[in-house]
Amino acid sequence: MQKLKLMIVDDEYLIRQYIRNCIDWERLGYTIVGELGTAQGALQLAEELKPDVVLTDICMPGLDGLSFTGLLKGSCPNVRVIAVTGHDDFEYAQRGIRVGLDNYLLKPIDEKELENVALEIKESILSQQSQDELFRELTDYRKQNEPIVREYYLKKLLEPDFHQDSLSENAVDSLLPGREGFYQTVVVSFDDFSQIILGMDIKKGNTEWMTHYLEKELENKRIYWVPDKFGHIVFLSREEDFSWETFMAELEGKWKKTFHFPIYYGIGDAERFMKDIYKSYMGANNRLNSAIVFGNNQYQQEKIFSRFEGMANPIPMEDLKKLHAYIETDSPAKVEELVHNWFEKWKHINFMDLFYLKLQLLNAVFYIYSMNTKEEASYDFHEDYKEYYQRIFQIPTLKLLQDCFLDMCRKIMEMYHDEKSVRPSSLIYAVKEYVNMHLSDATLALAGTAEKFYLNSSYLSRIFKKEMGVSFVEYVNAQRIERAKSLLEETDLKIYEVAEKVGTGNANYLGILFKKAVGCTPYEYRSKKRQG
């Protein structure tokens, strides 16, 4: 361990000599880097030597010890100063506190007291260094994982059942800064839907072009974007004065000039509360669907739906919630009954109104898909959704449309109940990586790990257990046992050294965990492996 650097400042040579020789500084973990007779000389040398601790007399000619301490703390704020004084009075003590003295020693100096103070200061410095190192590690780790964390949470904000306790307002402000009480989404699709609807091969847009454009145009603006499960880009904005209509029109023009087919977008309503971001997202998707269907981003949303409401009432939100519940609980008979009732009410609409009905069913499929919050699935949402666009707009009759919608519902139901479709999220992957990197840290715990990922402990515990099938503590212990097994097999480390390497703290506790998991003690395990 690196030794602390000590500087001694006293105008009396014999006192300096006594301080240097009365105790074994090397044994205590100190190296004396300077012995100065004046405070002025010590100030000049301190910036070069960078001492960790300065032991100074109070009463010196010229610049006294307290004034020296104030100037020294100004140029070397982390230095610790111990004052040696014969002035045992309250006024000096008060002034010393104001200038930042860390401790006092009264003349004549007692060797044992000096040693105790030196050890206290050393412990304090090492503790602070440990905290500083942890903070640097935390900062570096957050920077390294910030894209993962940001994308994970921005996607969580788009979920219909987003829980307020999983992300505080303060955390949202750090990940999505902006005006208080303002949340808005915009959804963009850059597939060639004119070809998709006709069932033809499509030209896929260049995501790199889009990324470069957005990074340039939105630089220094409080707007972020993430991909959603439908292959769309979702903007999340807290910029109240930002003109989305102007920005999207410019983006559309430059895109079309480059790729020779349009992009489509929907602008959601602004919401006041974080929990309502999904409402803005759903509205933006419904408008995106309208733009795609009508082939024009400048559609008149209110006129479209005011006309449709006169022909066949849009699907009520309560019915969409019922449909989702029936799909989630694997109740195909109830799904068929609900959808049959919808189409019974629509059976008298004319051919032109069938077009608007298809749009409503398209929005219903989006709602059901979006309610599935699995991070990744064996189903490709993007491809399924494109297929549905293609199928639904080629259907000529109401009966075939009903069959098509029910078929889509059955497919989504299969997806909901395919256990193989669940894989750990990118956030849980990052948490696992962090755990594996810090197994040797005996203080590794749920609370500290949660803090590094902007989570509260209960939320991390819940999602970790849900995605991994074991608790956080069980996972950590299992990884420690696996590492201990490797060390026992591959090294000659003593059992207590293995315990230190895997972060269990001591050999006894490692033995308890090891025997519970493996069925024998670490010593027995090593013996068996080497005999076999």
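Residues numbered from 1 in each chain as written. Predicted model: local features only at pLDDT ≥ 70, side-chain atom pairs only at ≥ 80, totals over all residues. Heavy atoms only, no water.

Draft legend 1. Seen up close, helix α11 (residues 277–294). In this model, α11 (18 residues) spans 26 Å end to end at C-alpha, consistent with the 26 Å of a helix rising 1.5 Å per residue. When you tally the buried positions in α11, you get 14 out of 18 residues, the bulk of the element. (Helix = DSSP H or I, 4+ residues; strand = E, 2+ residues; numbered from the N terminus. Expected span 1.5 Å × (residues − 1). Buried < 20%, exposed > 50% of the residue type's maximum accessible area, 1.4 Å probe, protein only.)

Draft legend 2. Layout of the sheet that holds strand β2 (residues 30–36). Taken together, 5 strands build an open sheet; the order of strands is β2-β1-β3-β4-β5 and the sheet is parallel. The outermost strands of the open sheet, each flanked by one partner alone, are β2 and β5 (103–106). Mean inter-strand twist for the sheet, computed between neighbouring axes without regard to direction, equals 20°. Here strand β1 (residues 4–9) runs beside β2; their pairing, made up of 6 bridges, is parallel. Paired with Val9 across the bridge in β2 is Leu36. Against the sheet, helix α1 (residues 13–21) makes contact with β1, β2 and β3 (53–57), and its axis sits at roughly 175° relative to β2, the strand it touches most. Contacts between helix α4 (residues 65–75) and the sheet are confined to β1, β3 and β4 (80–85), with β3 contributing the most and set at about 155° to the helix. (Pairing = 2+ DSSP bridges. Axes fitted to C-alpha atoms, helices over the stretch in contact; angles between N-to-C directions. Contact = heavy atoms within 4.5 Å.)

Draft legend 3. A look at the sheet that holds strand β8 (residues 233–237). The strand order β7-β8-β6-β9 describes an open sheet built from 4 strands, whose pairing is antiparallel. Strand pairing shows two members of the sheet lacking a second neighbour, β7 (223–227) and β9 (264–267), which therefore form its edges. Adjacent strand axes in the sheet meet at a mean angle of 20° when their direction is disregarded. By the bridge criterion, 5 bridges tie strand β6 (residues 184–189) to β8 in an arrangement that is antiparallel. Bridge pairing links Val188 to Ile233 in β8. Packing against the sheet, helix α10 (residues 244–259) makes contact with β6, β7, β8 and β9, and its axis sits at approximately 175° to β9.

Draft legend 4. Spotlight on the packing of helix α13 (residues 317–328) against helix α14 (residues 332–346). Interhelical geometry of α13 versus α14 gives an angle of 155° and a closest axis separation of 9 Å. Considered as vectors, α13 and α14 are oriented roughly antiparallel to each other. The interaxial crossing formed by α13 with α14 has left-handed handedness. Note on element contacts: α14 touches α13 through Lys334, Val335, Leu338, Val339 and Trp342, opposite Asp319, Lys322, Leu323, Tyr326 and Ile327. By residue class, the composition of the contact of α13 with α14 is 7 nonpolar, no polar and 3 charged. (Parallel < 35°, antiparallel > 145°, perpendicular 65-115°, else oblique. Left-handed = near helix turned anticlockwise from the far one by under 90°. Nonpolar A, V, L, I, M, F, W, Y, C, P; charged D, E, K, R; others polar.)

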